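# Per-entry structural report
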Amino acid sequence: MAQSTKVLDGGWGWAIVVASFMAQLLAYGSPQSVGVLYPEWLHAFQEGKGMTAWVGSLVAGVGLIASPVCSACVDNFGARPVTIFSGVMVAGGLMLSAFAPNVQFLIFSYGIVVGLGCGLVYAATLTITCQYFDKRRGLALGIVTTGTSVGAFIYATAQNELIVLYGLDGCLLIIGAVALNLTACAGFMRPLNMPGYYLKQKAALERNTEEQLFEKPPLDDLKLTTGSNTTSPEKTLMVKELLITIDAKDIQTEKKKGSFLVGVAIMKVIKKKQQAYSKYMHSMHEILQDQSMVAFCIAVFMFSLGAFPPVLFIEDVAQSQGLIEEVSVIPLVSIGAIATCVGKLVLGILVDIRWINGIYLYAFTMFAGGVSLLLIPLTKTYFGLQILSVVLGFFSGNWSLTSYITTNIVGLDRLTQAHGILMFFGGFGIMLGPPVVGWFFDFTQSYDLAFYFSGGCVVLGACILSVLTLPCWNRKRSENDRPDVQYTSNCEKVASVA
């Protein structure tokens, strides 16, 4: 632990920040600017807007819904191996999408494979950044999470140009090849603490070594050179194999004692697992008993349901209304991405002000975003859509406030579980939003009713959050105001989201 504290808040940590920033840029660049690809897929496959919208909704929602699994992978195997594996997933999914014969295949290759890869990158980059920073953790995470917005800005324009030069298939192949640079970013992610998997194997090895001290090992097994106290490569190889087969050896030990004892040991393991899952579910149940947490989950779901579709449909809205013949040099997706980046920084500064309530600030951003959504059908100029993209993008930066508000509600000790629950609701809303808007268009042949629905959902979510978090409803305020869970500036954005 002494070595870990010396490298916090500086040194190699800034290399981690740059690597994590680039990792999020490379992974989320294409999914965050999927609105540029959406009209091309509509033209190529001639499917309904609702069916085609599943591609963009899944790539954004699958990673969030699977965030508990992704976090468990990082805890067990470490940020570097997970980032390397996610780089292969993202690049492979993008390249497979270039050969998609229909939308259904695209839903799997782009929506699920790339989406899961992005979820792994997100969990790995935030975890390794939190390990290297303490007092400057908020600043470091703020820089890392802006990688998604910068990536969306760059990729929206780049994909547009690549489609013109090389076609849709060539564009996907090129950005898939670029995504392989995620493996290079992983090389910088030197772990401070050994992951759980390696700690378990190390403990098993040490236990086995202590047992061997009391017995003389055969000379053939040690492979020692005469007159030398060092082990040969064969001995090192035996140790590595032991790390992999240690669990099997434990089972064999029990097996020698009798098959009945093996069965008892297995039953004990199953019972321990059941108790662990039972405690976890009970803890989640307690979190969802808090009315403020339930209100916040509903608000995040409603905001995700209504505010994400413009990212996917805004270019098609401009083209379908005849406001522009084709995608402009700076697409609306890029404009919204830069506004989101600014919104994250500005809202992060505002929430640090002591007299500003984080929940009501989030509710205000939801209300303003909902109003801008309601104004999209009334806008008849391309410049008006640009203004609304800036407004909606800025207030969409409230996504970075989720961990701040979650910690204020449940405390630091339950932040991880509560944030996982929150991300599940957010991912579920993102998955449902675009297909619902697409189905509205398929039935009415107009986006007007779809955006009225989206704006109404966001405004309703803001009202629910504001009403259910009033002080008169908070019956457990005294429990949440414990001194040991006071929110300090070095922990505020421990799990802020892109």
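Before reading further, recall that the structure is shown in the block above.
Conventions and cut-offs
- Residues numbered from 1 in each chain as written.
- Predicted model: local features only at pLDDT ≥ 70, side-chain atom pairs only at ≥ 80, totals over all residues.
- Heavy atoms only, no water.
- Helix = DSSP H or I, 4+ residues; strand = E, 2+ residues; numbered from the N terminus.
- Expected span 1.5 Å × (residues − 1).
- Buried < 20%, exposed > 50% of the residue type's maximum accessible area, 1.4 Å probe, protein only.
- Arc of directions from axis to C-beta.
- Contact = heavy atoms within 4.5 Å.
- Phe/Tyr/Trp six-rings, centres within 6.5 Å; stacked < 30°, edge-to-face > 60°.
- Patch = residues over 30% accessible without salt bridge, like charges linked within 9 Å, V, L, I, M, F, W, Y side chains within 5 Å.
- Areas by Shrake-Rupley, 256 points an atom, 1.4 Å probe, with all protein chains shown as cover.
- Salt bridge = Lys/Arg side-chain N within 4 Å of Asp/Glu carboxyl O.
- Core = buried A, V, L, I, M, F, W, Y, C linked by side-chain atoms within 4.5 Å.

## A few points about helix α18 (residues 382–395)
- Taking 1.5 Å per residue as the helical rise, α18 with its 14 residues ought to reach 20 Å, and the 20 Å between its terminal C-alpha atoms agrees with that figure.
- Looking at α18, one finds that the buried residues are Tyr 382, Gly 384, Leu 385, Leu 388, Ser 389, Leu 392, Gly 393 and Phe 395. Across the axial projection of α18, the buried residues extend over an arc of 160°, all falling on one side.
- In this fold, the buried residues of α18 make contact with α14 (291–307), α15 (309–320), α16 (332–351) and α17 (358–375).

## Concerning the packing of aromatic side chains
- All told, the structure shown has eleven aromatic pairs when counted by the stated rule.
- Arranged with centres 6.0 Å apart and planes meeting at 80°, the rings of Phe 364 and Phe 395 form a pair that is edge-to-face. Linking Phe 364 in helix α17 with Phe 395 in helix α18, this pair joins segments that are 31 residues apart in sequence.
- Taken together, a centroid distance of 5.3 Å and an interplanar angle of 85° make the contact between Phe 394 and Phe 395 edge-to-face.
- Look at Phe 395 and you get buried, because its relative accessible area is 14%.
- Connected via pairs of aromatic rings, a cluster forms that spans Phe 301, Phe 424, Phe 425 and Phe 428.

## Quick notes on the environment of Ser 33
- Following the sequence through the fold, Ser 33 ends up in the loop between α2 (12–32) and α3 (34–45).
- Classification of Ser 33 as buried rests on a relative accessible area of 0%.
- Placed 120 residues apart in sequence, Ser 33 and Phe 153 show a C-alpha to C-alpha distance of 7.5 Å.
- If we ignore the near neighbours within four places in the chain, the residues touching Ser 33 are Ala 152, Tyr 155, Ala 156, Gln 159 and Val 333.

## Observations concerning the side chain of Thr 146
- Inspection of the secondary structure assignment puts Thr 146 in helix α8 (residues 137–179).
- Leaving out residues up to four positions away in the same chain, Thr 146 has contacts with Phe 21, Cys 341 and Leu 345.

## Looking at α15
- In this model, α15 (twelve residues) spans 16 Å end to end at C-alpha, consistent with the 16 Å of a helix rising 1.5 Å per residue.
- Taken across its twelve residues, α15 has nine buried, putting it largely inside the fold.

## Examining a nonpolar patch on the surface
- On the surface, a cluster of nonpolar side chains totalling about 500 Å² of accessible area is made up of Phe 153, Ile 154, Ile 330, Ile 338, Val 342, Val 346 and Leu 350.
- The set of elements that each furnish at least two residues to the nonpolar patch consists of α8 and α16.
- Of the residues forming the nonpolar patch, the biggest block, four residues, is contributed by α16.
- In this structure, Ile 338 sits in helix α16.

## Remarks on unusual backbone geometry
- Its identity as a non-glycine residue notwithstanding, Gln 46 has a phi of 55°, on the positive side.
- Mapped onto the secondary structure, Gln 46 falls in the loop between α3 and α4 (49–65).
- For Gln 46, a relative accessible area of 59% puts it in the exposed group.

## Structural notes on the environment of Gly 369
- Positionally, Gly 369 belongs in helix α17.
- The class of Gly 369 is buried, set by a relative accessible area of 1%.
- Distance in space between the C-alpha atoms of Gly 369 and Ala 307 is 7.4 Å, their sequence separation being 62 residues.
- Contact partners of Gly 369, with chain neighbours within four places excluded, come to Leu 392, Phe 395 and Val 458.

## Regarding the nonpolar core
- Trp 41, Tyr 110, Phe 313 and Tyr 362 are the most contacted members of the largest nonpolar core, which totals 118 residues.
- Ranked by the residues each element gives to this core, the list is headed by helix α7 (residues 103–132), at 16 residues.
- Ignoring sequence-local partners within four residues, the contact set of Trp 41 consists of Val 34, Gln 46, Thr 52, Val 55, Leu 106, Tyr 110 and Leu 168.

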